[in-house]
Amino acid sequence: MFVATHDPAWGQKLVAPTPSMGWNSWNHFAGRVTDADVRAAADALVSTGMRDAGYIYVNIDDTWEGTRDGSGVIRTNEKFPDMKALADYVHSKGLKLGIYSSPGPKTCAGFEGSYGHEEQDAATYAAWGIDYLKYDLCGYRDVMTAESHGDAAKSNQMMHDAYEKMHRAIVKAGRPMVYSLCQYGWDAVWEWAPSVGGNLWRTTGDISDNYDRMSVIGFQQAGLEKYAGREHWNDPDMLEVGNGGMNGDEYRTHMTLWAMLAAPLLAGNDLSKMSDDTRAILMNRDVIAVDQDTAGKQGTRVWAEGPKEIWVRELAGGGRAIALFNRGESDLPITLRLKDAGLKSGARAKSVWKGEEIRLAGEQTFQVPRHGVVLLVTR
Ligand code: GLA
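Residues numbered from 1 in each chain as written. Predicted model: local features only at pLDDT ≥ 70, side-chain atom pairs only at ≥ 80, totals over all residues. Heavy atoms only, no water.

Caption draft 1: Summary view of the overall build of the chain. A tally of helices and strands in the chain yields 11 helices and 18 strands. For 379 residues, the compact-globule estimate of 2.2 N^0.38 gives 21 Å, and the C-alpha radius of gyration of the chain, at 21 Å, lies within 12% of that figure. Overall size of the chain, expressed as C-alpha extent along the three principal axes, is 70 × 45 × 40 Å. For the chain, buried positions account for 57% of its 379 residues. Pairs at least 24 residues apart make up 68% of the contacts formed inside the chain by residues separated by at least 6 positions. Carbon and sulfur atoms form 49% of the exposed surface of the chain, whose accessible area is close to 14700 Å². Here the chain carries 41 positive and 50 negative side-chain charges, and the mean point of each set is 5 Å from the other. (Helix = DSSP H or I, 4+ residues; strand = E, 2+ residues; numbered from the N terminus. Rg over C-alpha atoms; globule rule 2.2 N^0.38 Å. Buried < 20%, exposed > 50% of the residue type's maximum accessible area, 1.4 Å probe, protein only. Contact = heavy atoms within 4.5 Å. Areas by Shrake-Rupley, 256 points an atom, 1.4 Å probe, with all protein chains shown as cover. Lys, Arg positive; Asp, Glu negative; His and termini not counted. Charge placed at Lys NZ, Arg CZ, Asp CG, Glu CD.)

Caption draft 2: Representation of the side chain of Thr 278 in the model. For Thr 278, the location among the structural elements is in helix 10 (residues 276-282). When neighbours within four sequence positions are excluded, Thr 278 is seen to be in contact with Val 241, Gly 242 and Asn 269.

Caption draft 3: Examining the state of the cysteines more closely. One pass over the structure, following the stated rule, counts 1 disulfide. Each disulfide pairs two cysteine sulfurs, and for Cys 108 the partner residue is Cys 138, the sulfurs being separated by 1.5 Å. Since a negative S-S torsion denotes a left-handed disulfide, the Cys 108-Cys 138 link at about 90° is right-handed. Taken together, the residues Cys 108 in the loop between strand 5 (96-101) and helix 4 (118-128) and Cys 138 in the loop between strand 6 (132-136) and helix 5 (140-148) connect sequence positions 30 residues apart. The exposure class of Cys 108 is partly exposed, given its relative accessible area of 44%. Counting only cysteine sulfurs, Cys 108 is the nearest neighbor of Cys 182, a cysteine outside any disulfide, at a range of 6.6 Å. We classify Cys 182 as buried; its relative accessible area is 1%. (Disulfide = S-S within 2.5 Å.)

Caption draft 4: Representation of the pattern of salt bridges in the model. The full count for this structure, using the stated rule, is 23 salt bridges. The salt bridge involving Asp 270 is made with Lys 273; its shortest N-O contact spans 3.4 Å. On the basis of relative accessible area, Asp 270 is assigned to the buried category, the value being 11%. Between Glu 309 and Arg 327 there is a salt bridge; the shortest N-O distance is 2.8 Å. Of this pair, Glu 309 sits in strand 12 (residues 308-314) while Arg 327 sits in the loop between strand 13 (320-326) and strand 14 (332-337), placing them 18 residues apart in sequence. Note on Glu 309: relative accessible area 4%, which makes it buried. Here the residues in one salt-bridge network are Arg 68, Lys 106, Glu 112 and Asp 121, joined through shared partners. (Salt bridge = Lys/Arg side-chain N within 4 Å of Asp/Glu carboxyl O.)

Caption draft 5: Expanded view of the site of the ligand. The environment of the ligand is made up of 13 residues, and the closest members are Asp 61, Asp 62, Lys 134, Asp 136 and Asp 206. Between Lys 134 and the ligand, the recorded distance is 2.8 Å, taken from a side-chain N or O atom to an oxygen atom. The protein chains hide 92% of the 310 Å² of surface that the ligand would expose on its own. Here the residues of the shell around the ligand sort into 7 nonpolar, no polar and 6 charged. (Near = heavy atom within 4 Å. Polar contact = N/O pair within 3.5 Å; in protein donor to acceptor, adjacent residues only side chain to side chain. Nonpolar A, V, L, I, M, F, W, Y, C, P; charged D, E, K, R; others polar.)

Caption draft 6: Looking closely at the sheet that holds strand 11 (residues 300-305). Here 6 strands make up an open sheet; going across it, the order is 11-12-13-18-15-16 and the pairing antiparallel. Sheet topology places strand 11 and strand 16 (356-359) at the edges, where each strand pairs with a single neighbour. Averaged over all neighbouring strand pairs, the angle between strand axes comes to 25°, with direction disregarded. Taken together, the 3 bridges between strand 15 (residues 348-351) and strand 18 (residues 373-378) define a ladder with antiparallel strand orientation. In the strand pairing of strand 18, Ser 351 is matched with Leu 376. Docked against the sheet, helix 9 (residues 248-260) engages strand 12, strand 13 and strand 18, running at close to 140° with respect to strand 13. (Pairing = 2+ DSSP bridges. Axes fitted to C-alpha atoms, helices over the stretch in contact; angles between N-to-C directions.)

Caption draft 7: The packing of aromatic side chains, seen in detail. All chains considered together, the criterion is met by 12 aromatic pairs. Measuring from ring centre to ring centre gives 6.0 Å for Trp 23 and Phe 29, while their planes differ by 75°; the resulting arrangement is edge-to-face. By relative accessible area, which is 10% here, Phe 29 ends up buried. Ring plane angle 55° and centroid distance 5.2 Å describe the contact between Tyr 57 and Tyr 132, whose orientation is recorded as tilted. Of this pair, Tyr 57 sits in strand 2 (residues 57-59) while Tyr 132 sits in strand 6, and the two are 75 residues apart along the sequence. We classify Tyr 57 as buried; its relative accessible area is 8%. (Phe/Tyr/Trp six-rings, centres within 6.5 Å; stacked < 30°, edge-to-face > 60°.)

Caption draft 8: Quick peek at the pairing of strand 13. Among the 7 residues that make up strand 13, 7 are buried, leaving the element largely enclosed by the rest of the structure. The alternating pattern of strand 13 places Arg 320, Ile 322, Leu 324 and Asn 326 on one face and Ala 321, Ala 323 and Phe 325 on the opposite face, and all of these are buried. Two elements, strand 12 and strand 13, share 7 bridges in a ladder whose sense is antiparallel. Bridge assignment links Glu 314 to a residue of strand 13, and that residue is Arg 320. With antiparallel pairing between neighbouring strands as the criterion, strand 12 and strand 13 make up a hairpin whose turn holds 5 residues, including Gly 317 at a positive phi of roughly 85°. As defined by bridge partners, strand 13 adjoins strand 18 across 5 bridges and the pair is classed as antiparallel. Within the sheet, the bridge partner assigned to Ala 321 lies in strand 18 and is Val 377.

As structure tokens, this is what we get:
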């Protein structure tokens, strides 16, 4: 297996020792995002306590891009009057700023991509003070199609090269940045992303704010656990918690599953208007601790029967996170057999969403709500 090391260019500094946490503009604001929205998100990360819980990246997704000047330097559009000033603002709050581009001539939303300007763009981002780059294949697919003439191997090689090219450009620019690959999991990206410098790579197409899509994406991650670890993580896409399309049990499933998967936790809601429920889900310290566990071992499914699934994640120090998911359309009992989770009878656990300490019997049945979850963390 490929063992990723951090970029020598960054010295001893790791950029993603645990999965990145923060906020991204796309799921809620999409193409409407402005400088003011990003500042408001930064303010809210601080005032809600999310920053102190670990959410430190403020990531601008697509639609910030303007045109290039006469020498090819990328400019922002009118929604983002001064990116350097925005970065300074975000940094002054103890947060980090992320940005978005594409290896293609155009981004997914049809804005200017980095094609042919990779070094120039990386240098511009570094000069602005950018700390994170999401690099979205999009427009580059047309280049691959045009130049590979139906040769799939050539097309895939072009894609690898395009991602590696931008990584080299970032390293040359000299400012440490999390490098997030977004190409929807094509060509088993988990097998090669670390070798082109990826810290995170999207494993699927886009999430949307409903239980069906979220659960299809999340539960299909079983099997990818061996590819995750320090500095290199599977990314099943950003969070939808708080966007309104799922109920509390469904959002708790979303958050729990992402934590079991050692996934990046990038909130995708309007942080300036959060309900108490949303806040409690995004800021549950025990769930965040599972996601950020320093052993960096992604969990997986250990048992399933119809709509009932049990997932286990091994934690540093010998503890375990055990998630009992009910994917069914009614409340169901799920029986945990401790030996299936590698535990002995009498083990102590916290039932995280209930906030209760319990002692586990050899076989124990939990009532799990429709589309809901019981999360146990043993010590
Ligand atoms: C793609 C990505 C999304 C988002 C949009 C922006 O669909 O997968 O996450 O970045 O592009 O246009």
